[in-house]
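A look at the structure
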Amino acid sequence: MKKLLLLLLPLCLCRGAELYVDVNAPSGGNGSEKQPFNTIQAAADRVNPGDTVIIKPGVYFGAVHIKRFGTKDAPVTFRADKVKKNRVIVTGADKAIRTKAVKWQLHDAKTQTYCTKTVHPYPPRVLYSEVDLFPYQSLKLLMTFEARPGVPGPRHGFFYDRKTKKLYVRLRPDGKYGSTDPNKHIMAVAPTKGGHTDGELPNSVYYNFGLKGTPGKSLNVIIDGITFETPSRTAVYVCGNDVTVRNCLFLGCMAGGVSGTFIGEDSKSAERFAKSSNNILVEQCEWHNFPLYEDTAELIELVSSGKISIKNPADRRHFWWVHKHPSRGTKVYYETGIIRNIGKNWTMRKCYVHNVFDGIANMNKAENTVIEECLFSRCSDNAISAENHPVNCHIRRNKFVDVFQSVSYQPLGGLPWPGPVYVYQNIFYYTSKNAFKDGYLSAFKIGVPAGQAKRPNVVNRKDMAGYNWNDITIPGMHIFNNTVISPKFRLVGDLGAPVQIIRNVNFYNNLAVVSTLSSSMRKKGEGGVKSYTYVNNKFALIRKDNPVFPAVKGQTTRNAKAVLPDWKQNSFVPAEFTPSVPVKGMPESFKYVGALQSADDDFAKDAGIKEEI
């Protein structure tokens, strides 16, 4: 018996202690369940390997600096007492405004514009009852709802006036998301936007949780079930390796949910991963900028119906991309992503990303990234941008619903080009609520812009002197065993077509019902989609006036039902399960063409936070 107890003792020690936090508890607690700490920081300052910090319901203001970590066998865990959205909220919001200690004053009764003073100038995000307000560039533009003169903007927004030091807000006049009076909402005003999250940050409000280790250090931290709200940049900043973030909701987070240390473009290949954050798992999380997509759809409808006219022809193309960049209208850009500054061995699994501009805007110098079983829905630009220099990226078993261009290969950082990138067993489709009406929409965007040779942030511009931009060989964009239903739109947006030939873009064993493979098919030239390799695909091309070029001649039909009988209902079960052709060098082989390998196969069906009852 004594021998058995001795064997069990090390296992018990590895489990560590439970420390409790309750924002409503008096100060001076010891972290026990009966006398909890009243700040998460107090627990973070005392944790040891194997300890679990259990956080009771409430709103916790200010950032948490974590400098004590776990081990591989005894991680440190910070978790909500129960996994439920908005049960445990860690916020960077202006406390006086969020708690309604200060009131909003009516500035203009006609437009229902309100103002108040804030200690945080130039907030990157302002939420009213979790609704994201558009950052207008001037008070006049806010009061006229113009993203820039002559171009409509979202029907709600904010502006900070540096002269008066006042924050102005205008909520939706039609009351779609509640009262026009901000005093009747929970107003979350983010702190001032900071720079890149890197190293020892000078200002804690850059993040909600800051895991402040050192590059290369194994942190072994688990974060579970917390709602993160309005930091100045990112919800969870990681300096170090080996971190898991799960069941977390990210609200008003400018640079997304989880960000690693910034890897400069000039860092050498041999040293970049010593500086980056590696071995990061983000799973069952949710990130959105609601109602960004609804705002996009509304702008398109206002212009297409004639209720608002755009006089300048130069403003008509993609006028609804107001969130993209200050040149488009926004004061603070939205082209970020749920994960940022990705290092080596990051996995994003079963996450729900919706109502955003980009789901993942740039992988930078990532290596061995896996994005699987995620749901990307209602993205106004790209769901996943596989750029600028990622290596060995796997995008698999995801669903992309109502996304402008789902997977992008458009490197802008110079050599080396991204790749290999593997896109397999994914489903792409559009619903009746899809906002986009033009032909630019596509499942894939592929092209290598020549203009990047002149970009100031490209460090190897000299290497591209005399580069042949019309004939490029990339490390590989391998697209296989996917199913696409896009009968009104093209399969690929080939940016440099029909001139730019891109070698080593490969389509194998895919199943698609699309209007056309590309809008460049009718143009003279051998670039774009005509330069790709196609093996054993089943393409149904709805638009009958588009030609079929030789490389896909035996793989196309005009009869969509011969490919997907119930494609109008977005059913992904093929007319028949046709055998796949094994392709050498691919990470997986599949029995049948298309994404589904059986009639009851499904992906991403439980993506997002797994709330506890």
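Before reading on, note that the structure itself is shown above.
Keep in mind the model is a prediction, meaning the values are calculated, not measured.

Let's shift gears to the overall build of the chain. For the chain, the helix and strand inventory stands at six helices and 42 strands. Against the 2.2 N^0.38 benchmark of 25 Å for 613 residues, the chain shows a C-alpha radius of gyration of 25 Å, consistent with a compact globule. Dimensions of the chain, computed from the C-alpha atoms along their principal axes, are close to 80 × 75 × 50 Å. The buried share among the 613 residues of the chain stands at 59%. Long-range contacts, defined here as pairs at least 24 residues apart, represent 71% of the contacts in the chain between residues at least 6 apart. Split by element, the accessible area of the chain, about 24,600 Å² in all, is 52% carbon and sulfur.

A side chain with one charge may pair with a side chain of the opposite charge, provided their charged atoms come close. Taken as a whole and assessed by the stated rule, the structure comprises 20 salt bridges. Measuring nitrogen to oxygen at the nearest pair gives 2.9 Å for the salt bridge that ties Arg172 to Glu298. Taken as a pair, Arg172 in the loop between strand E15 (166-170) and strand E16 (187-189) and Glu298 in helix H6 (residues 292-304) lie far apart in primary sequence, 126 residues in all. One salt bridge in this structure joins Arg543 and Asp545, with 2.8 Å as the shortest N-O distance. Connected via shared salt-bridge partners are Arg246, Glu283, Arg349, Glu372 and Arg396.

One open sheet accounts for five strands, arranged E7-E8-E15-E14-E11; its pairing is mixed. In this open sheet, the two edge strands, each paired with only one partner strand, are strand E7 (105-108) and strand E11 (134-135).

Bringing the environment of Phe158 into the picture now. Tracing the backbone shows Phe158 in strand E14 (residues 157-161). With 16 residues separating them along the chain, Phe158 and Leu142 place their C-alpha atoms 6.7 Å apart. Setting aside anything within four residues of it in sequence, one finds Phe158 in contact with Pro123, Pro124, Arg125, Val126, Leu133, Phe134, Pro135, Tyr136, Leu142, Leu167, Tyr168 and Val169.

The rules behind the values
- Residues numbered from 1 in each chain as written.
- Predicted model: local features only at pLDDT ≥ 70, side-chain atom pairs only at ≥ 80, totals over all residues.
- Heavy atoms only, no water.
- Helix = DSSP H or I, 4+ residues; strand = E, 2+ residues; numbered from the N terminus.
- Rg over C-alpha atoms; globule rule 2.2 N^0.38 Å.
- Buried < 20%, exposed > 50% of the residue type's maximum accessible area, 1.4 Å probe, protein only.
- Contact = heavy atoms within 4.5 Å.
- Areas by Shrake-Rupley, 256 points an atom, 1.4 Å probe, with all protein chains shown as cover.
- Salt bridge = Lys/Arg side-chain N within 4 Å of Asp/Glu carboxyl O.
- Pairing = 2+ DSSP bridges.

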